[in-house]
Amino acid sequence: MSHPEHNGHAGHENSAAADQPAEAHEGTNEAVTIAATVGVVAVGAALFEVALLPGIALGVAAMLAPKYVPKVGAAVTPMFRSTVRGAYKFGQKTREMVAEAKEQMHDIVAEVHAEGEGPKAAAGPADKPTAGA
């Protein structure tokens, strides 16, 4: 002997609250139905020709994109901005490091060039053989 008050369904006052989970349940059922259909088609395609699977995946993505892309875009935008900001900073640091390394290489080359010219200039006239010797 179950009374409506005891089983959680006291009356129709909560009919609006009862409709809300039903709508969510319908959306879940639709997603499950679509997933099951895609799974059956993918298995069928795999039985006949495995090369068809990438085309099926692209078709499913194209079908779902208009529904989920705006939501994904809003969620991905902050991550994309931080990635671009990090890449920009990394590029700036890399440019600084390359400029510093280039400057050091120029300094080393200038030192080697100066060391190479110093002994030649000083020893040049003394090492010159004489024509009469």
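Bear in mind that the values here come from a model prediction, so they are computed numbers and not experimental data.

1. Quick word on the overall build of the chain
So, point 1. The number of helices and strands found in the chain is two helices and zero strands.
So, point 2. Out of the 133 residues belonging to the chain, those deemed buried represent 1%.
So, point 3. About 11500 Å² of surface is accessible on the chain, with carbon and sulfur atoms providing 67% of the total.

2. A word on a negative patch on the surface
So, point 1. A surface patch of like charges, here negative, comprises Glu 100, Glu 103, Asp 107, Glu 111 and Glu 115.
So, point 2. Take Glu 103: it is sitting in helix 2 (residues 53-127).
So, point 3. Judged by relative accessible area, Glu 103 falls into the partly exposed class, the value being 46%.

3. A short note on a nonpolar patch on the surface
So, point 1. Taken together, the side chains of Tyr 68, Val 72, Val 76, Met 79, Phe 80 and Val 84 define a hydrophobic patch exposed on the protein surface, amounting to about 560 Å² of accessible area.
So, point 2. Structurally, Val 76 can be placed in helix 2.

4. Looking at the confidence of the model for the chain
So, point 1. For the chain, per-residue confidence averages 74 on the pLDDT scale, and 68% of positions sit at 70 or higher.
So, point 2. Note on residues 12-19: pLDDT under 50 across the span, and zero contacts to partners over four residues away in sequence or across chains.

About the criteria used
Residues numbered from 1 in each chain as written. Predicted model: local features only at pLDDT ≥ 70, side-chain atom pairs only at ≥ 80, totals over all residues. Heavy atoms only, no water. Helix = DSSP H or I, 4+ residues; strand = E, 2+ residues; numbered from the N terminus. Buried < 20%, exposed > 50% of the residue type's maximum accessible area, 1.4 Å probe, protein only. Areas by Shrake-Rupley, 256 points an atom, 1.4 Å probe, with all protein chains shown as cover. Patch = residues over 30% accessible without salt bridge, like charges linked within 9 Å, V, L, I, M, F, W, Y side chains within 5 Å. Salt bridge = Lys/Arg side-chain N within 4 Å of Asp/Glu carboxyl O. Lys, Arg positive; Asp, Glu negative; His and termini not counted. Charge placed at Lys NZ, Arg CZ, Asp CG, Glu CD. pLDDT = per-residue confidence, 0-100. Contact = heavy atoms within 4.5 Å.

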